[in-house]
Amino acid sequence: MSESILSVQDLKVNYGGIEAVKGISFDVPAGEIVTLIGANGAGKSSTLRTIAGLVKPKTGKISFNGADITGADPSSIVQKGVILVPEGRRIFPDLTVQENLRIGAYLRKDDLTDDLNWVYDLFPRLKERSWQAGGTLSGGEQQMLAVGRALMSRPKIIMMDEPSLGLAPLIVKGIFDIIREINKQGVTVLLIEQNANMALKTADWAYVMETGRITMSGTGKELLENDDVKAAYLGSGK
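Remember, it's a predicted structure, so these values are computed and weren't measured experimentally.

Caption draft 1: Highlighting the overall build of the protein chain. Counting secondary structure elements, the protein chain contains 10 helices and 10 strands. The C-alpha atoms of the protein chain give 17 Å as radius of gyration, which agrees with the globular expectation for 238 residues (18 Å, within 12%). Its C-alpha atoms put the protein chain at 50 × 40 × 35 Å along the principal axes. The buried share among the 238 residues of the protein chain stands at 50%. The long-range share in the protein chain, meaning contacts at least 24 apart out of those at least 6 apart in sequence, stands at 65%. Computed over 27 positive and 28 negative side-chain charges, the inter-centroid distance for the protein chain is 2 Å.

Below, the structure is given as structure tokens:
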């Protein structure tokens, strides 16, 4: 593993009296794709939301590029280059594709032309529909738009919460192809995904979360071949 761009140490997150995340620690190496897999309620989304500053942790430390960002304001975390693509896309349905993309760069004051062209190169479908309202796009196209909007802020790390949720298998393959391409272009990826098979095939490194704890880690290939993982998440086992 290369040097970590993101480090989470002994993170605990509570919602009322419920402990959603129970003291987890993990690292995301710079330039790699890392995935957290696990069932609903395992604490995956809570982890990403806490890193993004949307939820305040009970205890623990989150470091990005060596700086402590624990509990920092979400906009300051975005400015540092940490971007969350939330579950459910959360695009602005009444705004055009291009307006949605420009909102992704709301903290920037420079010219956006090169970045718009980059996003349109990654997602030609969005270029074709640049003046169409976001709400009229298909589910797959809305997911492309949510990812494109995140890229407009020039992230150093992009965190994706269930990018394949509710999408047809062929569209899912396209989304994961894009995740690999984004990573090839220098963006670190932290991915949470219920489609464990696709996530593990894509990831350099992976962690398994169960009821708020990390129970297993290894390369994506190692976990794909692990009998316990196969039985619990891949629908097969020896």
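Caption draft 2: Helix H7 (residues 169-184), seen in detail. Helix length check: H7 (16 residues) gives 23 Å between terminal C-alpha atoms against 22 Å at 1.5 Å per residue, within 8%. Close packing links the buried residues of H7 with strand S3 (33-37), helix H4 (113-122), helix H6 (139-151), strand S7 (157-161), strand S8 (188-192) and helix H8 (196-202). Directly after H7, the chain includes Gly-186, whose backbone phi takes a positive value near 105°.

Caption draft 3: Broad picture of the side chain of Asp-115. Position of Asp-115 relative to the elements: it lies in helix H4. Sequence-distant contacts of Asp-115, defined by excluding residues within four places in its chain, comprise Arg-108, Met-152 and Arg-154.

Caption draft 4: Inspection of the sheet that holds strand S6 (residues 82-85) at higher detail. The mixed open sheet is built from six strands, whose spatial order is S6-S7-S8-S3-S9-S10. Looking at which strands have only one partner, the edges of the open sheet turn out to be S6 and strand S10 (213-219). The average angle at which neighbouring strand axes cross in this sheet is 15°, direction not considered. In the sheet, S6 pairs with S7 via four bridges, with the strands oriented parallel. Paired with Val-85 across the bridge in S7 is Met-160. H6 contacts S6 and S7 of the sheet and is inclined by roughly 170° relative to S6. In the packing of H7 onto the sheet, contacts are made with S3, S7 and S8, and the angle to S8 comes to roughly 150°.

Caption draft 5: Spatial organisation of the pattern of salt bridges. Taken as a whole and assessed by the stated rule, the structure comprises eight salt bridges. For Arg-129, the salt bridge is made with Glu-128, and the minimal N-O distance between the two is 3.1 Å. Each of Arg-125, Glu-128, Arg-129 and Glu-141 takes part in salt bridges that share partners, so that together they form one network.

Caption draft 6: Inspection of the environment of Glu-99 at higher detail. Of note, Glu-99 is situated in helix H3 (residues 97-103). In sequence terms Glu-99 and Ala-133 are 34 residues apart; their C-alpha atoms lie 9.0 Å from each other.

Caption draft 7: Region of interest: H6. The terminal C-alpha atoms of H6 lie 19 Å apart, and with 13 residues this matches the ideal 18 Å at 1.5 Å per residue to within 8%. Counting buried positions along H6 yields 12 of 13 residues, so the element is predominantly enclosed. Three or more residues of H6 are buried, namely Gly-140, Glu-141, Gln-142, Gln-143, Met-144, Leu-145, Ala-146, Val-147, Gly-148, Arg-149, Ala-150 and Leu-151. Elements in contact with the buried residues of H6: S6, H3, H4, helix H5 (124-128), S7 and H7.

Caption draft 8: A look at the pairing of S8. Within S8, five of the five residues are buried, which leaves it mostly tucked inside the rest of the structure. Residues Thr-188, Leu-190 and Ile-192 of S8 are buried on one face, and the alternating residues Val-189 and Leu-191, pointing to the opposite face, are buried as well. As defined by bridge partners, S3 adjoins S8 across four bridges and the pair is classed as parallel. Paired with Thr-35 across the two strands is Leu-191, which belongs to S8. The sheet contact formed by S7 and S8 spans five bridges and is parallel. Counted as the bridge partner of Ile-158 is Val-189 from S8. Since S7 and S8 lie parallel, the crossover through H7 that links them has a hand, and here it is right-handed.

Cut-offs and rules
- Residues numbered from 1 in each chain as written.
- Predicted model: local features only at pLDDT ≥ 70, side-chain atom pairs only at ≥ 80, totals over all residues.
- Heavy atoms only, no water.
- Helix = DSSP H or I, 4+ residues; strand = E, 2+ residues; numbered from the N terminus.
- Rg over C-alpha atoms; globule rule 2.2 N^0.38 Å.
- Buried < 20%, exposed > 50% of the residue type's maximum accessible area, 1.4 Å probe, protein only.
- Contact = heavy atoms within 4.5 Å.
- Lys, Arg positive; Asp, Glu negative; His and termini not counted.
- Charge placed at Lys NZ, Arg CZ, Asp CG, Glu CD.
- Expected span 1.5 Å × (residues − 1).
- Pairing = 2+ DSSP bridges.
- Axes fitted to C-alpha atoms, helices over the stretch in contact; angles between N-to-C directions.
- Salt bridge = Lys/Arg side-chain N within 4 Å of Asp/Glu carboxyl O.
- Right-handed = clockwise from strand over helix to strand, strands pointing away.

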